[in-house]
Amino acid sequence: MTKKLFFRSSVAIGICLLFGFMGVIATQTGFEGWYPELNKPWFNLPDSIFGPILFLMYVLMGIAAGIVWSKGFYHKWVKTALYHFGFQLLLSGAWFLLFFGLQQPLLALLNIIALFILLLFTIKWFKVVNSTAAYLLLPYAIWVLFAIALNFEIWRLN
């Protein structure tokens, strides 16, 4: 690993974890009474597992973004890939705010569907730049699909 790749991956991981931390802050308001009272589907995971999974997802996302960034931000494909990445990161953070902070599962569902669509475009552009970076986003895409199903069922049941 080159110094440039290590530095850029570290910065990207830091940015991703910052968004994750902001999500934790938004989540705290929903956990104070609203979320525990909701009806949840049979496939709901224990609350204690979400944090470690999201931490891993944000680290993988940061490494992927660092790999793409290390190819040179002057290149239009790199810029396009990273712009898509940035927008999907914003939608990811917005989901926590909508679902937990504002307690709006339907708006959160619409948001996470948009996130998944944008994530598919991000993976496509990452693959143009570097296939390893694209593959590092696949676990997150699977996680987002699971979150869509969970969000939908929570909305439907409540």
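Residues numbered from 1 in each chain as written. Predicted model: local features only at pLDDT ≥ 70, side-chain atom pairs only at ≥ 80, totals over all residues. Heavy atoms only, no water.

Caption draft 1: Looking closely at the overall build of the chain. From N to C terminus, the chain includes seven helices and zero strands. Shown N-terminal to C-terminal, the secondary structure of the chain runs as helices and strands in the order α-α-α-α-α-α-α. Expressed along its principal axes, the backbone C-alpha trace of the chain runs to roughly 50 × 25 × 25 Å. If you take every contact in the chain between residues at least 6 apart in sequence, the share linking residues at least 24 apart comes to 78%. When the accessible surface of the chain is summed, it comes to about 8,500 Å², and 74% of that surface belongs to carbon and sulfur atoms. Averaged over its 10 positive side-chain charges, the chain has a centre that lies 33 Å from the centre of its 4 negative ones. (Helix = DSSP H or I, 4+ residues; strand = E, 2+ residues; numbered from the N terminus. Contact = heavy atoms within 4.5 Å. Areas by Shrake-Rupley, 256 points an atom, 1.4 Å probe, with all protein chains shown as cover. Lys, Arg positive; Asp, Glu negative; His and termini not counted. Charge placed at Lys NZ, Arg CZ, Asp CG, Glu CD.)

Caption draft 2: Representation of a nonpolar patch on the surface in the model. A cluster of nonpolar side chains, namely Leu18, Phe21, Met22, Val24 and Ile25, defines an oily patch on the protein surface of about 470 Å² accessible area. We classify Met22 as partly exposed; its relative accessible area is 41%. (Patch = residues over 30% accessible without salt bridge, like charges linked within 9 Å, V, L, I, M, F, W, Y side chains within 5 Å. Salt bridge = Lys/Arg side-chain N within 4 Å of Asp/Glu carboxyl O. Buried < 20%, exposed > 50% of the residue type's maximum accessible area, 1.4 Å probe, protein only.)

Caption draft 3: Focus on the packing of aromatic side chains. Here the structure, examined in full by the defined rule, presents 13 aromatic pairs. Here Phe85 and Phe126 contribute two aromatic rings whose centre-to-centre distance is 5.7 Å and whose plane-to-plane angle is 25 degrees, an arrangement assigned as stacked. Within this pair, whereas Phe85 is found in helix 4 (residues 76-101), its partner Phe126 is found in helix 5 (residues 105-129), the two being separated by 41 residues in sequence. Centre to centre, the rings of Trp95 and Phe100 are 5.7 Å apart; their planes meet at 85 degrees, and the pair counts as edge-to-face. (Phe/Tyr/Trp six-rings, centres within 6.5 Å; stacked < 30°, edge-to-face > 60°.)

Caption draft 4: Representation of the side chain of Ser70 within the structure. Here Ser70 is to be found in the loop between helix 3 (47-69) and helix 4. Not counting residues within four places of it along the chain, the set of residues in contact with Ser70 comprises Lys4, Leu5 and Arg8.

Caption draft 5: Up close: the packing of helix 3 against helix 4. Across the interface, helix 3 lies against helix 4 with an axial gap of 10 Å and an inter-helix angle of 160 degrees. By the angle between their axes, helix 3 is roughly antiparallel relative to helix 4. Crossing hand, helix 3 versus helix 4: left-handed. Only Val78, Ala81, Leu82, Phe85, Gln88, Leu89, Ser92 and Phe96 of helix 4 make contact with helix 3, whose side of the interface consists of Leu54, Tyr58, Met61, Ala65, Val68 and Trp69. Taken together, the residues that form the contact of helix 3 with helix 4 break down as twelve nonpolar, two polar and no charged. (Axes fitted to C-alpha atoms, helices over the stretch in contact; angles between N-to-C directions. Parallel < 35°, antiparallel > 145°, perpendicular 65-115°, else oblique. Left-handed = near helix turned anticlockwise from the far one by under 90°. Nonpolar A, V, L, I, M, F, W, Y, C, P; charged D, E, K, R; others polar.)

Caption draft 6: Quick peek at the pattern of salt bridges. As enumerated under the stated definition, the model contains one salt bridge in all. Here Arg156 ties to Glu153 by a salt bridge, and the two come within 2.6 Å at their closest N and O atoms. In this pair, Arg156 and Glu153 both sit in helix 7 (residues 138-157), three residues apart, roughly one turn of the helix. For Glu153, a relative accessible area of 16% puts it in the buried group.

Worth remembering: the numbers are spatial, not functional.
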